[in-house]
Amino acid sequence: MKVTEYRSKRFLIVDSYKGFCETLKKMLQSRGANRFDVAYNSRDAINWCKNVDFDVILMGYDLGDGKQNGQQALEELRTNNYLSRSCIFILITGEMSQDIVLSAIEHKPDAYLTKPFAPKDLIVRLESAYKKKMAMASIYRALDQKKHKDAIALCNKHIENNGPYSNECLGIISRQLFELKHYDQALAIYEKKKSDPKCQWAAVGIGKIQLAREEPQEAKKTFED
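Structural notes, computed from the coordinates. This one's a predicted model, so the numbers in the text were calculated from it and none came from an experiment.

### Overview of the pattern of salt bridges
Scanning the model with the defined rule gives 13 salt bridges in all. In this structure, Asp 15 engages Lys 115 in a salt bridge whose closest nitrogen and oxygen atoms are separated by 3.7 Å. Residue Asp 15 is located in the loop between β1 (11–14) and α2 (18–29), and its partner Lys 115 is located in the loop between β5 (111–114) and α6 (119–135); the two are separated by 100 residues in the primary sequence. Across the salt bridge formed by Glu 22 and Lys 25, the nearest N and O atoms sit 3.9 Å from each other. With Glu 22 and Lys 25 both in helix α2 and three residues apart, the pair spans about one turn of that helix. Residue Glu 22 is classed as partly exposed on the basis of its relative accessible area of 39%.

Next up, the structure:
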């Protein structure tokens, strides 16, 4: 993003430590950003998002209030449609563990940042996420509008053009097919991608289909695996 683009973006910074929030603001101000809102817990952050369409959210994983971590807050925002898919959501963690990654299979942030990090690390994540948002803009609009068939068609076009986000597009297609209850078509994608370490969503998808087909024991085994 250019400096002028940073100036046009509205940021929400969420962390339980006020000093860290100020540090993030200074990092972004060095790039020209000047529109900030701050929350120190998940509930205030969610209330902000009910009323404001943010361009970027930087949220700590451990919010210190003992109620919700940053990942759980993201899940609530997505589930209740308080967060547009055009918004960049970066989760900031004290450490990066497999548990954190696995908990985000259904509702992934756009990027992770592990403390401590330098300003350039934040900018690299923002630039990468912004590039992806631009490339996938029409797909994300269709998803926000719950236009499942349009989203599938746009994803197929991205894949046919050898787009850089083809794996994500496959995941989106399969989820739209699931929403349309085209379980056989969705399952074909999940089965093909379930062994790909970059597509852990496929195994989750198989379990969800088993639940939808009232196969609880099979679903239980899938999720345990």
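### A closer look at the packing of aromatic side chains
This model, assessed by the stated rule, comprises five aromatic pairs. Centroid distance Phe 11 to Phe 36: 5.7 Å. Interplanar angle 35 degrees. Geometry classified as tilted. Placement of the pair is Phe 11 in strand β1 and Phe 36 in strand β2 (residues 36–39), with a sequence separation of 25 residues. Phe 36 gets classed as buried once you look at its relative accessible area, which sits at 17%. With 6.1 Å between their ring centres and 65 degrees between their planes, Tyr 190 and Trp 201 make a pair best called edge-to-face.

### What about empty space enclosed by the protein?
Scanning the model with the defined rule gives one cavity of 30 Å³ or more in all. Quantified by volume, the largest cavity comes out at close to 50 Å³. Lining the largest cavity are Glu 106, Ser 174, Arg 175, Tyr 190, Trp 201, Gly 205 and Lys 208. Within the residue set of the lining of the largest cavity, elements represented by two or more residues are α9 (166–179) and α11 (201–212). The element that contributes the greatest number of residues to the lining of the largest cavity is α11, accounting for three residues. Across the lining of the largest cavity, the residue classes tally to two nonpolar, two polar and three charged.

### Some remarks on helix α7 (residues 137–144)
Every α-helix carries 3.6 residues per turn, so stepping three or four residues along brings you back to the same face. Residues of α7 that are buried: Ile 139, Tyr 140, Ala 142 and Leu 143. Projected down its long axis, α7 shows its buried positions confined to an angular sector of 160 degrees, all on one face. Structurally, α7 contributes buried residues whose contacts are with α6, α8 (148–160) and α9. A positive phi of about 55 degrees marks Lys 146, the residue just after α7.

### Regarding the sheet that holds β2
Strand order in this open sheet of five strands is β2-β1-β3-β4-β5, and the pairing throughout is parallel. One side of each edge strand has no neighbouring strand; the edge strands of this open sheet are β2 and β5. Put simply, the sheet's adjacent strands are angled 20 degrees from each other on average, direction ignored. The sheet contacts of helix α3 (residues 42–51) involve β1, β2 and β3 (56–60), and relative to β2 the element is tilted by about 140 degrees.

### Considerations on the packing of α7 against α9
Axis separation between α7 and α9 bottoms out at 12 Å; the angle between their running directions is 20 degrees. Relative to α9, the element α7 lies roughly parallel. Considering how the two elements wind past one another, α7 and α9 form a crossing that is left-handed. Contact with α7, carried on its side by Ile 139, Tyr 140 and Leu 143, involves Glu 168, Cys 169, Ile 172 and Gln 176 of α9 and no other residues of that element. For the contact of α7 with α9, a count of residues per class yields five nonpolar, one polar and one charged.

Cut-off values and rules
- Residues numbered from 1 in each chain as written.
- Predicted model: local features only at pLDDT ≥ 70, side-chain atom pairs only at ≥ 80, totals over all residues.
- Heavy atoms only, no water.
- Salt bridge = Lys/Arg side-chain N within 4 Å of Asp/Glu carboxyl O.
- Helix = DSSP H or I, 4+ residues; strand = E, 2+ residues; numbered from the N terminus.
- Buried < 20%, exposed > 50% of the residue type's maximum accessible area, 1.4 Å probe, protein only.
- Phe/Tyr/Trp six-rings, centres within 6.5 Å; stacked < 30°, edge-to-face > 60°.
- 1 Å grid on protein atoms, 1.4 Å probe; cavity = no way out; pocket = protein on both sides within 12 Å on 5 of 7 lines; lining within 4 Å.
- Points joined across faces, edges and corners; volume = space filled by probe spheres on them.
- Nonpolar A, V, L, I, M, F, W, Y, C, P; charged D, E, K, R; others polar.
- Arc of directions from axis to C-beta.
- Contact = heavy atoms within 4.5 Å.
- Pairing = 2+ DSSP bridges.
- Axes fitted to C-alpha atoms, helices over the stretch in contact; angles between N-to-C directions.
- Parallel < 35°, antiparallel > 145°, perpendicular 65-115°, else oblique.
- Left-handed = near helix turned anticlockwise from the far one by under 90°.

Nothing here speaks to function; it is geometry throughout.
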